[in-house]
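Now for the letters of each chain:
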Amino acid sequence: MISSVRGPVLSALGSTVVIEVGGVGLALQVTPSTALAARIGTETRLSTTLIVREDSLTLYGFPSAEELAVFELLVGVTGVGPKSALGVLAVLSPNQIAQAVTAEDDAVFRKVSGIGPKTAKLIVLSLVGKVAVTAAPAGAGRAGVTTTTVSASVQTALIGLGWSERVAAQAVEEILAGSTAEFDAEAAGVAAVLRLALARLGPAQHAATGNAAERRS
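Description of the structure in this document.

What counts and how
Here, residues in each chain are numbered from 1, in the same order as that chain's written sequence. Two thresholds apply to this predicted model, a pLDDT of at least 70 for residue-level local features and 80 or more for giving and counting side-chain atom pairs, whereas whole-chain, interface and lining totals are computed over all residues. Calculated side-chain values reflect all of the structure's heavy atoms, with hydrogen atoms and water omitted. Secondary structure follows DSSP: runs of H or I at least 4 residues long count as helices, runs of E at least 2 residues long count as strands, and numbering of each begins at the N terminus. Only protein chains enter the accessibility calculation, which uses a 1.4 Å probe. A residue is then buried if its area is under 20% of the maximum for its type, exposed if over 50%, and partly exposed in between. The accessible surface values rely on the Shrake-Rupley method and a 1.4 Å probe; as for residues, cover is taken only from the protein chains in view. Strands pair, by our definition, only if DSSP identifies at least two bridges between them. In this analysis, axes come from line fits to C-alpha atoms, helices being fitted only over the stretch in contact, and the angle between any two N-to-C directions falls in the range 0 to 180 degrees. Residue contacts are counted whenever heavy atoms from the two residues lie within 4.5 Å of one another. To form a nonpolar core, buried Ala, Val, Leu, Ile, Met, Phe, Trp, Tyr and Cys residues must be joined to one another through side-chain atoms within 4.5 Å. For this document, the term salt bridge refers to a Lys or Arg side-chain nitrogen within 4 Å of an Asp or Glu carboxyl oxygen. Stacked, tilted and edge-to-face are the three classes assigned to paired rings of Phe, Tyr and Trp, where Trp is represented by its six-membered ring and a pair needs centres within 6.5 Å; plane angles under 30 degrees give stacked, over 60 edge-to-face, the rest tilted.

Of regular secondary structure, the protein chain possesses 10 helices and 5 strands. Residue burial in the protein chain is summarised as follows: out of 217 residues, 40% are buried. Total accessible area computed for the protein chain in this model is approximately 11,300 Å², and 54% of it derives from carbon and sulfur atoms.

Time to look at the sheet that holds strand S5 (residues 56-62). The pairing of strands in a sheet comes from backbone hydrogen bonds and takes either a parallel or an antiparallel form. Spatially, S1-S2-S3-S5-S4 is the arrangement adopted by the 5 strands of the closed barrel, whose pairing is mixed. Looking at each pair of strands side by side, their axes are set apart by 55° on average, direction ignored. The pairing of strand S1 (residues 4-13) with strand S2 (residues 16-21) spans 4 bridges and is antiparallel. Within S2, the residue paired with Ala-12 across the bridge is Val-17. This element, helix H2 (residues 65-75), spans strand S4 (43-53) and S5 of the sheet and lies at about 15° to S4.

Moving on to the nonpolar core. Counting residues in hydrophobic clusters, the biggest one holds 45 residues, and the most contacted among them are Leu-74, Ile-97, Phe-109 and Leu-158. Residues contacting Ile-97, with those up to four places away along its chain left out, are Val-70, Val-88, Leu-89, Leu-92, Phe-109 and Leu-127. Membership of the second largest hydrophobic core comes to 10 residues, among which are Val-17, Ile-19, Leu-28 and Leu-59.

Moving on, we come to the pairing of S1. Bridge count between S1 and S4: 5 bridges; the pairing is antiparallel. Looking at the pairing, Pro-8 lines up with Glu-43 of S4.

Our focus in this paragraph is the pattern of salt bridges. Across all of its chains, the model carries 3 salt bridges by this definition. Ionic pairing is found between Arg-110 and Asp-106, a salt bridge with its closest N-O pair at 2.3 Å. Its relative accessible area of 39% is what places Arg-110 among the partly exposed residues. For Lys-121, the salt bridge identified is with Asp-106, shortest N-O distance 3.7 Å. Of the two residues, Lys-121 sits in helix H6 (residues 117-127) while Asp-106 sits in the loop between helix H4 (94-102) and helix H5 (107-110), which places them 15 residues apart along the sequence. You can call Lys-121 partly exposed: its relative accessible area is 46%. On the basis of relative accessible area, Asp-106 is assigned to the buried category, the value being 12%.

Our focus in this paragraph is the environment of Ala-65. With respect to the helices and strands, Ala-65 occurs in helix H2. For the pair formed by Ala-65 and Ser-47, sequence separation is 18 residues and the distance between their alpha carbons is 6.0 Å.

The description of an aromatic ring pair uses the distance of the two centres, along with the angle that the planes make with each other. Counted under the stated rule, the structure contains 2 aromatic pairs. With centroids separated by 4.9 Å and ring planes inclined at 45°, the aromatic side chains of Phe-62 and Phe-71 adopt a geometry described as tilted. Per residue, the accessibility class of Phe-62 equals that of Phe-71, and both read buried.

Time to look at unusual backbone geometry. Even without being glycine, Glu-104 reaches a positive phi, approximately 55°. Assignment of secondary structure puts Glu-104 in the loop between H4 and H5. Judged by relative accessible area, Glu-104 falls into the exposed class, the value being 61%.

Below you can see the structure in the form of structure tokens.
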């Protein structure tokens, strides 16, 4: 079992990061925000899990042990494959997942591409008592970036995931236009805005094919 990898980033695009380990480039499937945070040439460490299938060996990477633990809980839910589990973590943080489970709110999971009503309910039922809500530290999420920087970074990530420049720009513009005292783009940071963009675009772009793709995964 490969529990973690560490090394310089060779490439980072969409939802794939390639890290050099001992002269070998390992491709890891990650969330878009993780790929966006990776810098080519910079050493990074990711907690990993290897999913073995008859026709493939796929390595999934996470910036924290907490995300990895939630991923492994999600793939243990009937109807949730690795792709859908990664999709959940792309839209929701571990703490947001715990909050939804604690509140028995399955609606947030239905916003994820490939997650239908029945599977959303199963996620809540299966994760009860297994995830806990943690208090966010003061100032969490503040990265000292401007709204312009957040907008550009999120648009780049969305384009890398396959959306057109026009669609990506429109989605980000709508999210930033809706910023209020309760949600401030600069304070939330790139990852939070990207999650909102994926939640907004995911179902519209992939709802028709998500379930079928997941059944094959």
